[in-house]
Amino acid sequence: SYLPEKTFCIMSPFYNLINHGADKSSLHLFLKSLNSQNYSNFRVYMIDDASKDLSVDYLLSELPKYPHINNRITIIKNSRRIGALANRDLASRNYC
């Protein structure tokens, strides 16, 4: 018998992607990995922890390169820094 896919969500907080070159390359690996998935019943919440650079703009400019997941990603922008754990908690309570 056929079992329906279970829905799950991925929460990925970030801070100042532009100012950290390693974070930019990690972002590309992350998006590339998600884009190559065969499983389709998931959502991704990218949570900006009040970055002081243009991280959200950079992320928005990169998403069109990954059309398979572009519509599954939601970007949440915090107005103040709350830390990675609080960002995950915020996303799990309000979005997942």
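These numbers come from a predicted model, not from an experiment.

1. Some words on the side chain of Asn 16
Consideration 1: Counting through the fold element by element, Asn 16 comes out in the loop between strand E1 (8-14) and helix H1 (21-35).
Consideration 2: When its relative accessible area of 7% is taken as the criterion, Asn 16 is described as buried.
Consideration 3: A polar side-chain atom of Asn 16 sits 2.7 Å from the main-chain amide nitrogen of Lys 52.
Consideration 4: Within the local environment of Asn 16, its side chain forms a polar contact with the backbone nitrogen of Asp 53, the two atoms lying 3.3 Å apart.

2. With respect to the pairing of strand E3 (residues 73-77)
Consideration 1: Bridge analysis of strand E2 (residues 42-48) against E3 gives five bridges, and the strand direction is parallel. Counterpart to Met 46 in the pairing with E3 is Ile 75.
Consideration 2: The β-α-β motif built from E2, the intervening helix H2 (residues 55-62) and the parallel element E3 has right-handed crossover chirality.

3. Some points on the pattern of salt bridges
Consideration 1: Applying the stated criterion across every chain yields a total of four salt bridges.
Consideration 2: Here Glu 62 makes a salt bridge to Lys 65, at a shortest N to O gap of 3.0 Å.
Consideration 3: For Glu 62, a relative accessible area of 6% translates into the label buried.
Consideration 4: Of the residues examined, Lys 65 reaches a relative accessible area of 52% and is grouped as exposed.
Consideration 5: Taking the shortest distance from any N to any O, the salt bridge between Arg 93 and Asp 89 comes out at 2.9 Å. Residue Arg 93 and its partner Asp 89 are both found in helix H3 (residues 84-94); the two are separated by four residues, about one turn of the helix.
Consideration 6: Here Asp 89 falls in the partly exposed class, since its relative accessible area comes to 34%.

Conventions used here
- Residues numbered from 1 in each chain as written.
- Predicted model: local features only at pLDDT ≥ 70, side-chain atom pairs only at ≥ 80, totals over all residues.
- Heavy atoms only, no water.
- Helix = DSSP H or I, 4+ residues; strand = E, 2+ residues; numbered from the N terminus.
- Buried < 20%, exposed > 50% of the residue type's maximum accessible area, 1.4 Å probe, protein only.
- Polar contact = N/O pair within 3.5 Å; in protein donor to acceptor, adjacent residues only side chain to side chain.
- Pairing = 2+ DSSP bridges.
- Right-handed = clockwise from strand over helix to strand, strands pointing away.
- Salt bridge = Lys/Arg side-chain N within 4 Å of Asp/Glu carboxyl O.

The quantities given are spatial measurements derived from coordinates; they are silent on function.
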